Every structure is written in C-alpha cells, then in structure tokens.
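# Analysis of the macromolecular model
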Amino acid sequence: MASIAQFLAVILLHLCITSSSLQFDPLRLSEEEHDYLRFADVRRHCQSVLSSATELPYNTNRPNNMKNQLSFEKGDWGQDAGKAPLVPFDGGEAPKKGAQRLPDPLSLATFVLTHVEGDSEDRARAAAVNVSGVLVLTVARKNAALDLGPHISVVSPGFNLSAGSTRIQIIFEGVYTERVKGDNGDDAGERVLCMVGRAVLPKRSAHGGDPWDWAKNSGRRSFQLPVTADNNILLVLRYPKKLTLTTRAVFGKMESTSSASADSYFNTVQLMSALMSCCPYHFRPEELAAGVGDALSPGGADNVVSNRARDAYKATYPCEALNRHAFSGQDITVLPGWHCNSTAGASCHGIGPFEMDRAEDADVLAGVRIIMQDLQCMEQQGYVMGGAAGTAMVSAVFRALSPWEDTGTALSRSGLSGKTLSAEGVWNTSTGQACMMACRGTAGRKACDFRVCLFFLTTMSITRLDTMLGQINAIDTGGGVVHPPLLSFRQRMSTPRLWGLYPDAVPYKYNYTKVEQAVELRQRSGSPFDLRKIVPQSLPLSYPKISPSSSSVAHMLTLFFLTVPGMFRQEWDEQPVLHLEVFFVGQLINPLDASSGIQRNETGSQGHPLLLNVSAELKLFQDSRPRNPVMSLEGVYSPDDGQMHLIGCRDVRLPPRNSSASSRGDLELEEGMDCSIEVKIEYPPTTMHRFIMSMAKVQIASTRTAADSLHFDAVKHRALPVNYPQQQPGGFYRGVINGVLCMLLLSTTIAAVLTQLHYLKLHADVAPYISLVMLGVQALGYGMPLVTGVEAILARVTLGDGATAPSSGRTPYYMFDWGRLCESIDQAVKILSLCALVLTLRLGQKVRRSREHLAAQSPLDPARVPSDGKVFVYHCGVHLVLFVLILALNRGAVTVEQQVALMQDLFLLPQVIGNAMWRINCRPLKGSFYVGVTAVRLLPLVYDYVRPSAAFAGAHYSGMQDFMGAASASGGRFFVKARDVVIPLAAVALALMLHAQQRWNYAIVSRMGSPEQKKLQHIF
C-alpha cells in the first residue's frame, strides 16, 4: 500500500507541475453547465444595458471567441474614496534576502469568462447571451504567477489574506450584449458584460479608526478570518469591438447593491484593463499624424540615438527583428538626459512622457526601465505613409517600470495608465526605423501627443552593445515633432539562446577595440612556471574550443556566479543571479552553429598559443529573467590553457542633475563608461568536468588609483561553467564513475578484512572481543547488493527536509547503461561483494570459535566469555531512535537499502558498546581495519562534494531557467550542507572513540599490578 500511495503521489505531483506551467488560457478552464437562477436579478440591475442592446448575429464560434477575447489578466483596480474599503492588506512581511526595499503593493484584477450559452438557429435574433465568469482581485507586491488557471477551481467564491498578499475571488453570472455606439462616441460600438455576483467579503471592524485592525493577526495558525457572504454585487465591463490605437482600453465598474449601512457594503470598485494578444489589431494608418513616419532628424553632439541611426538595420525582416527584442524578456534602459516632469523642487512625478505613481528624486528615477508588450507586426510591401515606402505596420505598448518593480509581474500586466504608451506606426525600409504615434494612458485620441522611433543596430563595440535604440518626442498642436526628445532609450544585446527561431535575422558585426590591451594583460599575467601551461603538456586535459563535434564555444564559456559582488547589487534586488554571457567569438556568433568563430595569432614571441577574440557581458538575472547588464567585456581567450583576459567597461554615467562635461572629463570615461577594469578568468578543464564539478576562477580589478572615486578593490569569485559537456543523470559516465567507486570501496574493504584476519593469526587471544553484531552488520551490507542490486552500495541517508537520497538524488545510485563495459563493471562489483561477504563470514567464524575455546578453558566462569546479547539490544535501540528521527526530519519513508547503509556507516557502534561493557584491556581491531573501512565509507561523500550535483546536472539538461531558479532558491550554494555530514562525522567520532578505548584503556591496565589486572580483565 505504501508503494501504491507513493506512486500515486508522484503522478499527482507531476500533474500539478504540468498544470502550473501552462500559460494563461481561459479556454482551458473547466466549465460547468449553468441554470442561471439569478436571471431576475440580472434583468433588474442590467435594465439600462439590455434596453440599448442590438441583435446578435448567429455565430457558432461565439462561446470560444468570447472566452478568449473578453478575458483579461492582471488589469488594474481601485476604489472610490469612502469609508467602506473592500479588502485589507497586511504589509508586515520582511524584505527578502539581498533586498533593502520592498516593491509597492499592486492592485491587480483578473477576469475570466468561464461559460457562454451556446448559439442556435432559433435564437439568432436574440439581443443578449447568458454568461458566467470569475473575477479575482489581488493586492500584492509581486504577482507573476497566474491568478486563474486550469488547476484552480472557479466553483465557489473565496477570500485569502497573508502577509504581503490579499486575494478575493468573486463568482458572476449575467448577460453579454453589444451596442452600436459606445459611451465615448466611438462609432465602432462596444461589447458589454452585465453580471451579478456572490462573494465572501471580509468584515470591517465596528470600533476604532482602522477598519482592518484584525488583519495583523492573520498570520496566526488558529486565527479565523471574519467574513460574511454577500450576493449583492453588480459588475459591468465595457469592451471596444475593435482593437485599435485609441480603442484598446477595457473599463469596468463593480458596485455593491446593498444599503450603505450593511456590513457587506463597499465603495465602488473601478476596473481598467486592455485588449492584449487576444484580438487582431486593426491598423488605421490614415488616422496617424502626418510625418509620424519620417526619419529621425540629426541631433546634437550628445544625441546618441540620432547619431547612430545611420547604422540601422535596413533589410527585409523587420518583424523578426522586432520580435527578438519584444519577446526576449530584456528590459529597455532609459538613457541619461531625460526630461523631468517636475512642479517644484528636485522631485519628479514623471520621466519623459511617462507619469509615475508618485514623485521621486531624480537619482531614483534614473533607474526606471521600459518593457515592450503586445507587439503586433504585419509585413506589407508597397504601403506608403508620409512619403516613404514601408515594409511593415507595427503596434506595441510601452510600459515604464519603477526601479524596484518586478519585471515578471509587469510583463503580465494589462492595465493602461500614465505609465503606458500605446503606439502604432510603420517600419520604413529606406531609413531602417520604426516610427509610431503614441497615446498615453486611456484618454483616447486627445492623449496622442507623442512619437516613438525605434531602430536596430548591426555593429557592436564594448561601449556600444546596444541592439535597439529609440527616442520619444512630443508632438505639437500642428503635428510637428518637438526637439529635444523627452526620453531616449536603448536595449542591450539579449542572451543568444533567447534569439528565437531566426538567430540570423539581424547580421551583427563586432568592432574590437580592446584586444591589444587584453593581450598585454595576458602577457603581464603569464609566468614560465604557470601550472595551467605545464600540466596540459603532461596530461590529456582540454578546454572549451571550436569544434564541429561540440556545442558553440560561446555557449560553453557561459558562467554562473555563486555569489554577486556588492558592487553590482542594488537595494531592490532580491536574490539576483550574476552570469557571464559570451556574445562574439571572432565575429558573428550563431548559437546554433558549433564552428562559428575566428582565430588569431597572439602578438609576441613564437610558441604562443592561438587566441580567440571574445566579446562578453556580465548580466544580472532576476527570477530567471535578464535584468541589468553590469559590465561589458572584451578581450582574448586561449583554448590551449582555458584562460580569458578581458578589459571591462561599466556604465557610470552621472544622474542628469549632477552631470557635466567637466566632471565627465575628469573621470576619463569612454562614452559614459569606466573602462579601467581588468578581468581574468581561468576555466576548468572540460575533461575532468565530466566527473568533478570544477569551477572557474574570476578576478575583477580596477586599474585606477586608490584615490580615484571610481576605484574599487579587486574581487575574486568562483563561477560554474554550466554549459560544459555533462553526463546526464543515470548516463554512461555517471554509471561508470559510480561503478569505479563501488569497486574501490569493496576492494579497500576486502584489503582491510584481510589485514584483520592476519592480525588475528598473530594475536589470537583478542578474537573473542570482536563484536559479532558489528560483523553481522557488515555481512548484511555486503550481501544486500547481491539481492537488491549493486546500487545499494552507494545508498545514503542524510538529515533534513526531503534529504533522503532517492535513486536520482544528490547521491546517485549506481545506474548502468547498456554496453559491455557496464556489464563488466556490474559483474566485477558483484564478485567483489561476494568476496567481502565470504571474508567477513570467515572473520565471524574465527570470533565464534575463539569464544568457544575461551568458554572451554573456563567452564566454571562463563562471565569471562564476551556475549553480544546486550550489545545487540543497545544497537537496535540506537538505530530505532535514528530511524524515527530520520522519518521526522525527512518527512518521508526510508528504504531498506538506506537503512542498511546507515548501519554500515555506523558499523563501529556495536564494537564501541561492547568495549565499554566488556572493559577490554586489549586491542581487538587492527587500526588499518577500522580506519580503512571508515575512510572508504566516506569516499562517496567526498566525491559527492566534488562531482556535479544532481540539482546542477538536472537543471543543466532541463534548461537554464531551472538552473537559475535552483540557484536563486539555494542562494547560489551548490556545496555540501551541514546536515549531509552529520552521519559521516558520527562515523569518524566512533572511530576515535574506538581508538581511545583500545589505546588508553590498554595503557591504563598495563600500568596496574597483577591483582588489579586480573580483577578488571574482561569484566562486563
């Protein structure tokens, strides 16, 4: 039954993981048939909506279309001012590790249409359709996960409150109608949902000024939330019929139909979302302002965007280029020089065209980022707008993010506000620019006072690793573009593995400018006694290199750091992961091409190895998403010794109000970047990495003087080359190395038993004082592989949550693949196990015979013959306590193999107990026996410390996202934990105790007189 329960639990776990990984898709929600019992309430409260409804045309696909088009995820909601708030929020949670500032709480709304009454011929002229849905309102600082999905029930309402998170789920049923003309005068009409709902609402306190004074107790386990059921809720949602530049917003209003004195009454809730990625976009180029598609005019000397526009990509794949930037998950960085919307003082309530949630200091808003959402691109040859031939029509939403705002949450938001720009325009092939008219927030056409221009660069350098540049200008009343721009922005080169299906859509080229400095650094760092140059000549070691049979060398050179240097951290970062991404090797790097890259000869004396020019970047990831690039790198890499020498540049541009030409000149910056940085990286050999988890050594140092304001102390870190060739868990190399471990363990054990047998030949009088329980434990351990399989030899138990090592856990069992080598290893391990078992039984036989001989010599004094009866009882008692403790700590069952392995790890316990009971004055066990067996039992643990861990290897093969998630969850630690060494330390302690018993007791007894020796000898 236990095995069946575990099997079912595994299946349920996989089902939960699979369902939680699905994207937001309202069509996948389980629907239930409805009787629509509240139609009378719907008719009473929705009379105004029904009276203006038009007849609905017959459409058999209406249910599925409506579910997809009328559902939205993470819109915005808020309440009108009043004394009846809807839900509380407990903001008492502590900042996460590494973060000093918590993000502001976000009020987000998700609505899903769960059921639509099917259409039929006999009701084709109906003006309304019965529908039902669910609305989820949340207040949380981070909310990147789905609020509704196929794994979440939508049958009943609910309310949940915890520290930092509030969630209320409301169930609705009502009608869907259409109107010819919307309230805003749009001739396209609108679609309306009018629904009545039921919910479980929190009760407000009747006394005191704080209606939610009880919320601070919500963290208590026994605390019952004070709630009340309410069926008096009315929801009206209004959608545009067509998705256009000015008709994108979805407006809603949720009201309480109870009396104002009722406990369930609440102030009106306003909902706002937008149609995104659910409907086809209707381009209306004829309504755009004249000249919006014109190219950027040349700017001044400091206008980075316009000065680099001539390097724009002008080929015939604009949509592929746009998609690469829109779906990479990479933030868009705001460049210095932005316009500060300020009324008084130094605080800004906006940055460029974006209106932020609250006024902040300009230094803080300098960290504002932008993301691009709902990109829709339609290639169309021959279309003309503004006098230029366009090759694609483009639409997108630009959303500004505060420095502390979570990118994952922002990417899933759909609300429109002063922090968003909805844009539509055309890609002009003659200029290589996509220029669009943009409208802020939800004010419609009267807010379309901005122009956004984008273009994509094809030539990179260490100070110009931008692949997209853009700027936002204001448009005056006459339709002209106002200069200077309100805001300029850039997007850095994204990780090559995120380039999608068309990695060659934009032909990038790189201009190396720091290679000679890097070569000088290499020469200065070199030494004729460098082991990395001597060892490879004597050993067959290899390092990442260009080879048609291997993956891309740039891919293999990727590094993930175990810790993040303090110089790269920001106060709002929560457990960031720093990694090194190599973009260029020689010239273009195609992540799908294993042989890309150009070699060059190193300048200098003869005999030097070939070097590869490399361009890379140190980048921070947050929750598996690229966050901030922190340093650009350029230099050389030697495939012969695995050393990389780089010159680094980091952006240290001053905030707008503090920047000046004189200050920049004093700092000797290159395009606003400090390039006085040297980086040295030593990669581990790929040969040994198949068996040992070796790490790269990274050193970052500033060449500036200590008095310079930009100087920083040299830092040294270790990083994991996660893309090195790895054996899959349970694969060939893992099986072979585990087989070698088994053979080494058994061979050493056999040698130790042979030395003990030889010792007994010379000292036969000590044989009776060897514990038969100890030998029985060893015999059981050597016989187990012959019955259950050789994987039992490496079984291990650790202490901690879920730490019981399964067959694919951090201490992998011996797994064999097909092949003669593995079969030979399997047979050799079984033969060695049999030999160890036979020798142990032979040792036990000698002990039993020696006790019989001793009993025959003293028939009148049987107490002089050692007995293992009490030793067995005490030994079983100790292991019973350990068994219960392990079950409690690991929260799971322990297999027979693991319990036997635990007994083998502590095999000296019976001997220590027996020595204490028998008060020996001899040395029953030879030092080489108990020390050798104890040491060899520690060998798998030592190898676990240096081998690639299961979490590391598993994440490598399941994807970088899983690896970074594991790194973030573990704080970047892939080392053995304290609980993993508890049992090995106990084994070492038993060996030390045995050594003390045999040496010190023997020495003490030896100094006694003959009468005292006879009195103490062999008493138990």
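In this text, all values refer to a predicted model and were calculated from it rather than measured experimentally.

### Points about the packing of aromatic side chains
Tallied over the entire structure, the rule returns eight aromatic pairs. Aromatic pair Trp-212 and Trp-214: ring centres 5.8 Å apart, planes at 85°, arrangement edge-to-face. By relative accessible area, Trp-214 is classed as buried at 9%. Look at Trp-427 and Phe-456: their rings are 5.5 Å apart centre to centre, the planes differ by 15°, and that puts the pair in the stacked class. A residue pair is termed long-range when its members are at least 10 positions apart, and Trp-427 in strand β16 (residues 420-428) and Phe-456 in strand β18 (residues 450-456) qualify at 29 residues. Pair check on accessibility: Trp-427 and Phe-456 agree, each one buried. Three or more aromatic residues link up through ring pairs in this structure, and these residues are Tyr-510, Tyr-512 and Phe-584.

### Focus on the nonpolar core
Residues Met-774, Leu-908, Leu-925 and Phe-929 are the most contacted members of the largest nonpolar core, which totals 58 residues. Contributing elements (two or more residues each) for this core: α14 (732-762), α15 (772-788), α16 (820-857), α17 (869-890), α18 (896-905), α19 (909-918), α20 (927-946) and α23 (982-1006). By residue number, the principal contributor to this core is α14, which donates 10 residues. When residues no more than four places from it in sequence are discounted, the contact partners of Leu-908 are Met-774, Leu-925, Tyr-930, Thr-934, Leu-990, Ala-991 and Leu-994.

### Some remarks on the sheet that holds strand β13 (residues 354-361)
Judged by pairing direction, the sheet is antiparallel, and its three strands sit side by side in the order β11-β12-β13 without closing on themselves. If you trace the sheet from one side to the other, it starts and ends with β11 (340-341) and β13, each paired once. Relative to strand β12 (residues 347-351), β11 runs antiparallel, the two sharing two bridges. Among the inter-strand pairings, Cys-340 is bridged to a residue of β12, identified as Ile-351.

### Notes on the state of the cysteines
A covalent bond bridging the sulfur atoms of two cysteines is what the word disulfide describes. As enumerated under the stated definition, the model contains four disulfides in all. Note on cysteine connectivity: Cys-46 is disulfide-linked to Cys-194, with sulfurs 1.9 Å apart. Taking the sign of the S-S torsion, about -85° here, the bridge from Cys-46 to Cys-194 comes out left-handed. In this pair, Cys-46 is assigned in the loop between α2 (39-45) and α3 (47-51) and Cys-194 in strand β6 (residues 190-202), connecting sequence segments 148 residues apart. Here the two residues Cys-46 and Cys-194 agree in accessibility, since each one is buried. Residue Cys-439 pairs covalently with Cys-448 via a disulfide, S to S 1.8 Å. Where Cys-439 bonds to Cys-448 through sulfur, the torsion about that S-S bond is close to 95°, and the disulfide is right-handed. Just as Cys-439 is buried, Cys-448 falls in that class too.

### Comments concerning the confidence of the model for the protein
In this model, the protein carries an average pLDDT of 76, and 71% of its residues clear a pLDDT of 70 or more. Confidence over residues 588-607 falls short of pLDDT 50; this stretch has 55 contacts with residues more than four positions distant or in other chains. With pLDDT under 50 throughout, residues 654-665 is counted as low confidence; its partners more than four residues away or in other chains account for 13 contacts.

### A few points about a nonpolar patch on the surface
Judged by side-chain polarity, Leu-786, Val-787, Leu-834 and Val-838 come together as a nonpolar surface patch covering roughly 370 Å² of accessible area. Mapped onto the elements of the fold, Val-787 is located in helix α15. A relative accessible area of 71% places Val-787 in the exposed class.

### Notes on the pattern of salt bridges
According to the stated counting rule, one finds 27 salt bridges in the structure shown. In this structure, Arg-413 and Asp-76 form a salt bridge, with 2.8 Å as the shortest nitrogen-oxygen distance. Of this pair, Arg-413 sits in the loop between α8 (407-411) and β16 while Asp-76 sits in strand β1 (residues 72-79), and the two are 337 residues apart along the sequence. Across the pair, Asp-76 and Arg-413 agree in class, each one buried. In this structure, Glu-678 and Arg-524 form a salt bridge, with 2.8 Å as the shortest nitrogen-oxygen distance. Of this pair, Glu-678 sits in strand β29 (residues 673-682) while Arg-524 is found in helix α9 (residues 515-525), placing the two residues 154 residues apart along the sequence. Residue classification places Arg-524 among the exposed residues on the basis of a relative accessible area of 54%. Several salt bridges converge on common partners, so that one network encompasses Asp-466, Arg-490, Arg-492, Glu-617, Lys-619 and Asp-651.

### A short note on the side chain of Ser-414
Within the secondary structure, Ser-414 sits in the loop between α8 and β16. Classification of Ser-414 as buried rests on a relative accessible area of 5%. Among the polar contacts made by the side chain of Ser-414, one reaches the main-chain carbonyl oxygen of Glu-73 at a distance of 2.7 Å. Excluding residues that lie within four positions of it along the chain, Ser-414 makes contacts with Phe-72, Glu-73, Lys-74, Gly-75, Ser-273, Ala-274, Met-276 and Arg-399.

### Quick word on the environment of Ala-714
Residue position: Ala-714 is located in the loop between β30 (696-702) and β31 (715-720). The sequence separation of Ala-714 and Ala-701 amounts to 13 residues, and the corresponding C-alpha distance is 4.2 Å. Setting aside residues up to four positions removed in sequence, Ala-714 forms contacts with Ile-700 and Ala-701.

Each value, and the rule that gives it
Sequence order as written defines the numbering, with residues in each chain counted from 1. Totals for whole chains, interfaces and linings use every residue, but because this is a predicted model, local features are given only for residues with pLDDT of at least 70 and side-chain atom pairs only at 80 or more, for both listing and counting. As a rule here, side-chain values come from all non-hydrogen atoms in the structure, and water together with hydrogens is ignored. Between the rings of Phe, Tyr and Trp (Trp by its six-membered ring), a pair exists once the centres lie within 6.5 Å; its type follows the angle of the planes, with under 30 degrees stacked, over 60 edge-to-face, and the other angles tilted. Here the term buried applies to any residue with accessible area under 20% of the maximum for its type, exposed to any over 50%, and partly exposed to those in between, with areas from a 1.4 Å probe on protein chains only. Where helices and strands are cited, they refer to DSSP runs of H or I of at least four residues and of E of at least two residues respectively, numbered from the N terminus. Only buried residues count toward a nonpolar core, which is a set of Ala, Val, Leu, Ile, Met, Phe, Trp, Tyr and Cys residues joined through side-chain atoms within 4.5 Å. Contacts were defined at the residue level, with two residues in contact if any of their heavy atoms lie within 4.5 Å. At least two bridges found by DSSP between two strands is the condition for calling them paired. A pair of sulfur atoms, both from cysteines and within 2.5 Å, is called a disulfide here. Summary of the metric used: pLDDT quantifies the predictor's per-residue confidence within the range 0 to 100. Residues forming no salt bridge and having over 30% relative accessible area are the ones grouped into patches, like charges within 9 Å of each other and nonpolar side chains (Val, Leu, Ile, Met, Phe, Trp, Tyr) within 5 Å. Residue-level accessible areas treat just the shown protein chains as cover; the underlying method is Shrake-Rupley with a 1.4 Å probe. For salt bridges, the criterion is a side-chain nitrogen of Lys or Arg within 4 Å of an Asp or Glu carboxyl oxygen. Identification of polar contacts relies on pairs of N or O atoms within 3.5 Å, with a donor-acceptor requirement for protein atoms, meaning one able to donate a hydrogen and the other able to accept it, and with residues adjacent in sequence counted only if both atoms are side-chain atoms.

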